[in-house]
Amino acid sequence: MIQNVSCPVQSDVEDLQEYLAILSKDNSKRVTMAKERRINRSFFDQRCVEFIFTVCDRFHFPPDVRYSTVCLFDAFMFAHVSSLWQYVDENCRTEESFLKDWNTVETKLSSQVVLRVLSCVQIISKMSNYSTQLNVSSVKNFLQCMGFCYTEEQILKAELRVLKALDYDVNIQSPLTYLSTLLKLVAADVQMSNFQSIYNICLDILSFVFMKRDEIYDSLLLDPISEQERKHQIVVLEADYMLLACGVITSAVELSADQCNEHSILLSLSNRSSIPVEELKHFRANVKKCVIKSKQTVRTQETTHRRCSPVKFVDLSCLLPTSHTAPEFNLASLPIGRRFLRLFP
């Protein structure tokens, strides 16, 4: 589902500027937390992201629900797993008993991943402006289709578990909020005749970056550093939603039919975000490189698929109990992926 977004009128610009200032403070706080290792981004796993996107598409939710759910799921799982780790650590006197108990916890966590995802979708759907919410009955039916048997009471308790783990602080700002605000302000600065078209391309690129985030952000780091430090720097970069939003818009402008205002748009983005134009171009170049690589991979997989048996592109079995069949996804199988890959020759 693509949302229609219109250019702002002049009277809205001041409000948008104030809102961007609030988002900038929020962004700085999140980046600082990442630098201090208080957020981890461990659960932005591509398989989880693709599964969340598929669930949201299945229930026809708009893009903002998709991105916010990913962010909420990551925040919840980090808090949930950290709490469980601390509990096991405090109650085990030997390393052997700790490993044994933690293996049990991991097994249970894996069996609950799909339920946790659905709980996060439920919460975000209730907080969004979208008319339809994901109710308990729909969640129960969906889980049954996947081979899980949960009662409505268990589903309600699971939703409550997510809320309690985050101290009911589920006001998640997704990168789409930054992107929409910045794009509207840029449209106020620069004549943009194809605003809706650029916005639609932005959605496709943002989804692609969510699914390929580790690969893209890893390519942004140029200096040779240790593996541990590299992972930390990637988390810091991923926490910078302002960089992500600007990078996505920069990429979308290059792919749009009308590129005559590209230079002016980049300058406006740079002024609004305080990110140098060269950094935006660097982000765009790495997104493009990753897209081309993914397109080549898809072509190779399609060729292999024609020659032999079907290929399992993304297996969620490691996240699910062995008694259930994991769904299979790949970038080209998702509607968002097919649209985006077609933008490149």
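Throughout this document, residue positions are counted from 1 along each chain, in the order its sequence is written. Only residues with pLDDT of at least 70 are given local features in this predicted model, and only at 80 or more are side-chain atom pairs given and counted; all residues enter the totals for whole chains, interfaces and linings. Water and hydrogen atoms play no part in the side-chain values, which are based on all heavy atoms of the structure.

A. Region of the structure containing the nonpolar core. The biggest cluster of nonpolar side chains holds 97 residues, and the ones touching the most others in it are Leu 118, Leu 143, Leu 179 and Phe 210. Helix numbering and strand numbering both begin at the N terminus, where a helix is a DSSP run of H or I of at least 4 residues and a strand a DSSP run of E of at least 2. Top element by residues in this core is helix α9 (residues 195-211). It accounts for 12 residues. Contacts are assigned to residue pairs with any non-hydrogen atoms lying within 4.5 Å of each other. Leu 179 has contacts with Tyr 199, Cys 202, Leu 206, Ala 245, Val 248 and Ile 249, leaving out every residue within four places of it along the chain. Each nonpolar core is a collection of buried residues, namely Ala, Val, Leu, Ile, Met, Phe, Trp, Tyr and Cys, held together in the definition by side-chain atoms within 4.5 Å. Think of it in three bands: residues with accessible area under 20% of the maximum for their type are buried, residues over 50% are exposed, and the middle band is partly exposed, with areas taken using a 1.4 Å probe on protein chains only. One finds Val 31, Ala 34, Ile 39 and Val 235 within the second-largest nonpolar core, a separate group that totals six residues.

B. Structural view of the side chain of Ser 68. Relative to the helices and strands, Ser 68 is located in helix α3 (residues 63-91). Every residue in contact with Ser 68, bar those within four places of it in the chain, is listed here: Ile 124, Ile 172 and Ser 174.

C. Looking closely at the packing of aromatic side chains. Only Phe, Tyr and Trp rings take part, Trp by its six-membered ring, and two of them pair if their centres are within 6.5 Å. Stacked means planes under 30 degrees apart, edge-to-face means over 60, and tilted covers everything else. In this structure the tally under the stated criterion is 11 aromatic pairs. Residues Phe 53 and Phe 210 carry aromatic rings whose centres are separated by 6.3 Å and whose planes lie at 35° to one another, so their mutual orientation is tilted. Residue Phe 53 is found in helix α2 (residues 46-58), and its partner Phe 210 is found in helix α9; the two are separated by 157 residues along the sequence. Judged by relative accessible area, which is 0%, Phe 53 ranks as buried. For Phe 210, a relative accessible area of 0% gives the class buried. Its end group placed over the ring of Tyr 241, Arg 30 keeps NZ or CZ at 3.7 Å from the ring centre. Consider the ring centre and the ring normal. A charge sits over the ring if Lys NZ or Arg CZ is within 6 Å of that centre and within 35 degrees of that normal. Sitting above the plane of the Tyr 67 ring, Arg 66 keeps its charged end 5.6 Å from the centroid.

D. Expanded view of the packing of helix α8 (residues 175-189) against helix α13 (residues 262-273). Where helices are involved, their axes are fitted lines through C-alpha atoms of the stretch in contact, as for all axes, and angles between N-to-C directions lie from 0 to 180°. In the contact formed by α8 and α13, the axes pass within 9 Å of each other and the chain directions differ by 125°. By the angle between their axes, α8 is oblique relative to α13. Regarding α8 and α13, the two cross each other, and that crossing is right-handed. Of the residues in α13, those in contact with Leu 182, Leu 185, Val 186 and Asp 189 of α8 are Ile 265, Ser 268, Leu 269 and Arg 272. Here the contact of α8 with α13 is built from residues that sort into five nonpolar, one polar and two charged. An angle below 35 degrees is treated as roughly parallel, one above 145 as roughly antiparallel, one from 65 to 115 as roughly perpendicular, and anything else as oblique. Two helices cross in a left-handed way if the nearer one is turned anticlockwise from the farther one by less than a right angle. They cross in a right-handed way if the turn is clockwise. Amino acids are sorted into nonpolar (Ala, Val, Leu, Ile, Met, Phe, Trp, Tyr, Cys and Pro), charged (Asp, Glu, Lys and Arg) and polar (every other residue, Gly among them).

E. Seen up close, the packing of helix α6 (residues 136-145) against helix α7 (residues 152-165). Where α6 meets α7, the closest approach of the two axes is 10 Å, and the angle between their N-to-C directions is 105°. Considering their axes alone, α6 and α7 lie roughly perpendicular with respect to each other. Contact with α6, carried on its side by Val 136, Ser 137, Val 139, Lys 140 and Leu 143, involves Glu 152, Ile 155 and Leu 156 of α7 and no other residues of that element. Grouping the constituent residues of the contact of α6 with α7 by class yields five nonpolar, one polar and two charged.

F. Structural context of the pattern of salt bridges. In what follows, salt bridge is the name for a side-chain nitrogen of Lys or Arg lying within 4 Å of a carboxyl oxygen of Asp or Glu. On inspection of all chains with the given rule, the structure shows 14 salt bridges. Of the charged contacts in the structure, one is a salt bridge between Arg 38 and Glu 36, with a shortest N-O distance of 2.7 Å. Overall, Arg 38 belongs to the partly exposed group, its relative accessible area being 47%. Residue Arg 213 is joined to Glu 238 by a salt bridge in which the shortest nitrogen-to-oxygen separation is 3.5 Å.

G. Inspection of a negative patch on the surface at higher detail. On the surface, Asp 12, Glu 14, Asp 15 and Glu 18 cluster together into a negatively charged patch. For Asp 15, the position within the fold is in helix α1 (residues 10-35). Patch definition: residues above 30% relative accessible area lacking any salt bridge, with like charges linked at up to 9 Å and the nonpolar side chains Val, Leu, Ile, Met, Phe, Trp and Tyr linked at up to 5 Å. Accessible surface is estimated by sampling points in the Shrake-Rupley manner with a 1.4 Å probe; for residues, cover comes only from the protein chains shown. Positive charges come from Lys and Arg alone, negative charges from Asp and Glu alone, with His and the N- and C-terminal ends not counted. For this purpose, a charge sits on NZ of Lys, CZ of Arg, CG of Asp or CD of Glu.

H. Representation of the environment of Met 192 within the structure. If you trace the backbone, Met 192 turns up in the loop between α8 and α9. With 70 residues separating them along the chain, Met 192 and Glu 262 place their C-alpha atoms 9.8 Å apart.

I. Representation of the environment of Val 136 in the model. Position of Val 136 relative to the elements: it lies in helix α6. You can call Val 136 buried: its relative accessible area is 16%. Non-local contacts of Val 136, meaning those with residues more than four positions away in its chain, are made with Gln 122, Glu 152, Ile 155 and Leu 156.

J. View of helix α4 (residues 95-111). Here α4 is 17 residues long and its end C-alpha atoms lie 24 Å apart, about the 24 Å a rise of 1.5 Å per residue gives. Phe 98, Trp 102, Val 105 and Leu 109 are the residues of α4 that are buried. Angular distribution of buried residues about the axis of α4 spans 60°; they occupy a single face of the element. Opposite the buried face of α4, by more than 90 degrees, sit the exposed residues Glu 96, Lys 100, Thr 104, Thr 107 and Lys 108. Tucked into the core, α4 has its buried residues touching α3 and α5 (113-127). Here, expected helix span is obtained from the residue count minus one, scaled by 1.5 Å. Directions are taken from the helix axis to each C-beta atom, and the arc is the one they span.

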